[in-house]
Amino acid sequence: MRGARSGVPFFSSGRLAPRERNATDVVTLAGTVVSILLLSLVAVPQSGFEKAVIGLIEAVPSWLDILWWLGIITLVLWILTVLVTTLLRRRSDVALDAGLSCVAALGLGAVVGQRINGSWPSLAQIVAGGTNGTVPLVMLAIGSAFAAAVAPHVARPFRRFGQWTVATAGVSVVMLEATTPIGTLISLLLGTAAAALVHVALGTTTGRPTTVEVTSALADLGVTASNIELAPRQSGGVVALDALDEHGDALRVKVYGRDARDAQLLARAWRGLWYRGSTGTPAGRLQQVEHEAFVTLFASARGLLVPEVVVAGSDARQDSVIVVRDVSSALVDRSTDELPDAAALAGIWGVVRGMHRLGLTHGELSPEVFGVVAGRVSLREMSRVALADSDDQQQKDLAQALVSTALLVGNDRAVSVAGDELGPDGVAAMLPYLQQAALGTALRHRVKSEAFDLAALRSAIAAAVEVDVPKVAELRRVRPQSLVTMALIVFVAYALISAFGNVDVSQLVDEISGASIGWLVAALIAAQLPFL
């Protein structure tokens, strides 16, 4: 691993950098809105626990107020620093995001305050919480919105400093009794929601490095490259580029930018929520690069044909970079559309089973992952390979290999080779995993785009080896019935909070003791309907 030691620029991307709408912003917006709605239900009147916390805060000596004011001043100085730098660098894109986010936070804060308190906040309440504090504190929401809006534009150290100043200011306003603890949470969430709303509407700057910046980063890492251009296939947070080294050999460069961690976390959380037994690569940018370099070197040392690791490290932008040399060619010659022969198909199965013998699983096999080197099949993509030798993961790989070969040469040839390679017992073990939930992202998209019939392939392979078509494995965690149950729980919780928000324990016991037995039985029966 190698790293560059140059200074970190203030802004992470250039002027008029391309923007993209990220799923992370949508999830952030939805999550903050739901959290604000739930917290609003218990913000006023204050709960007993919150009153106890406020009592502890009131006991803190007043001479410590200078510390809390310093926390607020730090946030103000950070905002002024960003504003001055934005004006000096003429970054109208940063100013637009920050301005719209602050306006959105002001509007959202006023609306939420009216809904919670029953009246619109005054100017004194917006700025400093008034004489007795207010929920939410709109000025804190504006500060939070500003920091969240400029976060995608600034380099990582400055982005983290901005987040730290917002958190410090949140604690400070509570200690100064400008708002309540729940009021602080609502204010911070309002700012985050406002910035996410602007990012969803306008898109977020990608922070994608230019070819000049990539050339410089490679030079820092000791790699001379030319003909650098974006690769046809891209994934969230990772910039893939094709290049040539000084000898004319093909290089594949991956730059893991600031969005790579968020994209991987979101993808892992999504698959972990929906599918059982999901595995994933490490979440950190540098950890992802280290992981890919390790598994590639490990597989190569054990005899698998994989790309050659040239270098891995960090550049001056604090992005993580890995460069591999890949001399393989695609399985299908696009100039002649010549399909793989039987030896190539058998080679695909040999590579997959060889990977499994090493205790590795891929999880993202597709026709594009396989290549050919001197007549032998190779693996061209190793970023998703995991050190997992569970039977479930291996069977998923085998199912992906079968679907990949069927997409390449059709069901008949794919089934014939798979039957020879796996045998009846191997096919019987793999068949429950021959389903859409077991496919990787790229392969699943290709199956959908080509309207490929997985059921027909399942029947064909079962008939070829004379085994019964089994029931598919239960890979999904979340089913429609689960979603219906969750919706019912949320509805009941909302109804209970609304009904008993101002009822003490003795009153609650009286209400429950007077409940109708008939209605309780009816509710119990209705709760089972989603599972029928």
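Structure: see above.
Reading guide: rules and limits
- Residues numbered from 1 in each chain as written.
- Predicted model: local features only at pLDDT ≥ 70, side-chain atom pairs only at ≥ 80, totals over all residues.
- Heavy atoms only, no water.
- Helix = DSSP H or I, 4+ residues; strand = E, 2+ residues; numbered from the N terminus.
- Contact = heavy atoms within 4.5 Å.
- Areas by Shrake-Rupley, 256 points an atom, 1.4 Å probe, with all protein chains shown as cover.
- Buried < 20%, exposed > 50% of the residue type's maximum accessible area, 1.4 Å probe, protein only.
- Pairing = 2+ DSSP bridges.
- Axes fitted to C-alpha atoms, helices over the stretch in contact; angles between N-to-C directions.
- Left-handed = near helix turned anticlockwise from the far one by under 90°.
- Nonpolar A, V, L, I, M, F, W, Y, C, P; charged D, E, K, R; others polar.
- Expected span 1.5 Å × (residues − 1).
- Parallel < 35°, antiparallel > 145°, perpendicular 65-115°, else oblique.
- Phe/Tyr/Trp six-rings, centres within 6.5 Å; stacked < 30°, edge-to-face > 60°.
- Core = buried A, V, L, I, M, F, W, Y, C linked by side-chain atoms within 4.5 Å.
- Patch = residues over 30% accessible without salt bridge, like charges linked within 9 Å, V, L, I, M, F, W, Y side chains within 5 Å.
- Salt bridge = Lys/Arg side-chain N within 4 Å of Asp/Glu carboxyl O.

Looking only at helices and strands, one finds 19 helices and eleven strands in the chain. Relative to all contacts within the chain whose residues are 6 or more apart in sequence, the contacts with residues 24 or more apart total 75%. For the chain, the exposed surface amounts to about 26,900 Å²; the carbon and sulfur share of it is 62%.

With respect to the element layout, Pro157 can be found in helix H7 (residues 156-175). Note on Pro157: relative accessible area 41%, which makes it partly exposed. For Pro157 and Pro9, which are 148 residues apart along the polypeptide, the C-alpha to C-alpha distance reads 9.7 Å.

Attention now moves to the pairing of strand S7 (residues 308-314). With five of seven residues buried, S7 lies mostly within the body of the structure. Relative to strand S8 (residues 320-325), S7 runs antiparallel, the two sharing six bridges. Bridged to Glu308 within S8 is Arg325.

This paragraph deals with the sheet that holds strand S9 (residues 329-330). Spatially, S9-S10-S11 is the arrangement adopted by the three strands of the open sheet, whose pairing is antiparallel. With one partner strand each, in any of the chains shown, S9 and strand S11 (376-379) form the two edges of the open sheet. Relative to S11, strand S10 (residues 370-373) is paired through four bridges, and the arrangement is antiparallel. Looking at the pairing, Gly371 lines up with Ser378 of S11. Relative to S11, helix H12 (residues 342-357) is tilted by about 45°, and along the sheet it contacts S10 and S11.

Moving on: the packing of helix H3 (residues 65-88) against H7. Following both chains from N to C, one finds H3 and H7 inclined at 145°, their axes separated by 8 Å at the closest point. At the point where H3 passes H7, the crossing takes the left-handed sense. Two secondary-structure elements touch here, H3 through Trp68, Gly71, Ile72, Thr74, Leu75 and Trp78 and H7 through Phe158, Phe161, Gly162, Trp164, Thr165, Val166, Thr168, Ala169, Ser172, Val173 and Met175. Residues that form the contact of H3 with H7 fall into these classes: eleven nonpolar, six polar and no charged.

What follows covers helix H11 (residues 285-301). With 17 residues, H11 should cover 24 Å at 1.5 Å per step; its first-to-last C-alpha distance of 25 Å lies within 8% of that length. Along H11, the positions that sit buried rather than exposed are Arg285, Gln288, Val289, His291, Glu292, Ala293, Val295, Thr296 and Ala299. Once H11 finishes, Gly303 follows within two positions and takes phi at roughly 100°, a positive value.

Summarising the element assignment, Leu197 is placed in helix H8 (residues 181-202). For Leu197, a relative accessible area of 42% translates into the label partly exposed. Between the alpha carbons of Leu197 and Ala30 there is a distance of 9.6 Å; along the sequence they are 167 residues apart.

Where helix H13 (residues 391-409) meets helix H14 (residues 411-430), the axes come as close as 9 Å, and the angle between the chain directions of the two elements is 165°. Put simply, H13 runs roughly antiparallel to H14. Note on packing geometry: the crossing formed by H13 with H14 is left-handed. Of the residues in H14, those touching H13 at Gln395, Leu398, Ala399, Leu402, Thr405, Ala406 and Val409 are Asn411, Arg413, Ala414, Ala418, Leu422, Ala429 and Met430. Considered class by class, the residues forming the contact of H13 with H14 number ten nonpolar, three polar and one charged.

Scanning the model with the defined rule gives five aromatic pairs in all. Judged by centre distance (6.3 Å) and plane angle (45°), the ring pair of Phe10 and Trp78 falls under tilted. Note that Phe10 is positioned in the loop between strand S1 (2-3) and strand S2 (19-20) and Trp78 in helix H3, a separation of 68 residues in sequence. Given a relative accessible area of 12%, Phe10 falls into the buried group.

Structurally, the position occupied by Ser404 is in helix H13. Those residues within four positions of Ser404 in sequence are excluded, and the remaining contacts are Leu365, Ser366, Pro367 and Leu443.

Counting residues in each nonpolar core, the largest one holds 51 residues, and the members touching the most others are Leu379, Leu402, Val403 and Leu434. Counting only elements with at least two residues in this core, the list comes to H11, H12, S11, H13, H14, helix H15 (441-449) and helix H16 (454-465). The element contributing the most residues to this core is H13, with nine residues. Sequence-distant contacts of Leu434, defined by excluding residues within four places in its chain, comprise Ala399, Leu402, Val403, Leu457, Arg458 and Ile461.

On to a nonpolar patch on the surface. Among the surface-exposed residues, Ile66, Leu67, Trp69, Leu70, Ile73, Val76, Leu77, Leu80 and Leu83 lie close enough to one another that they form a single nonpolar patch of about 840 Å² accessible area. Within the element layout of this structure, Leu77 appears in helix H3.

Omega for the bond connecting Val44 with Pro45 falls within 30 degrees of zero, at -5°, which places this linkage in the cis form. The phi torsion at Ala451 lies on the positive side, around 50°, for a residue other than glycine. Relative to the helices and strands, Ala451 resides in the loop between H15 and H16. According to the relative accessible area criterion, Ala451 is exposed, its value standing at 67%. A positive phi is found at Glu466, a non-glycine position, where the angle reads about 60°. As for its placement among the helices and strands, Glu466 is situated in the loop between H16 and helix H17 (480-500).

Next up on the list: the environment of Val372. Mapping Val372 onto the fold places it in strand S10. According to the relative accessible area criterion, Val372 is partly exposed, its value standing at 22%. With 41 residues separating them along the chain, Val372 and Leu331 place their C-alpha atoms 6.0 Å apart. Ignoring sequence-local partners within four residues, the contact set of Val372 consists of Ser328, Ser329, Leu331 and Ser378.

Next up on the list: the pairing of S8. Burial analysis of S8 places six of its six residues in the buried class, which makes it a mostly covered element. Covered by surrounding structure in S8 are Ser320, Ile322 and Val324 together with Val321, Val323 and Arg325, the residues of both alternating faces. Across six bridges, strand S6 (residues 250-256) lies against S8 in antiparallel orientation. Within the sheet, the bridge partner assigned to Tyr256 lies in S8 and is Ser320.

That is the geometry; function is a separate question.
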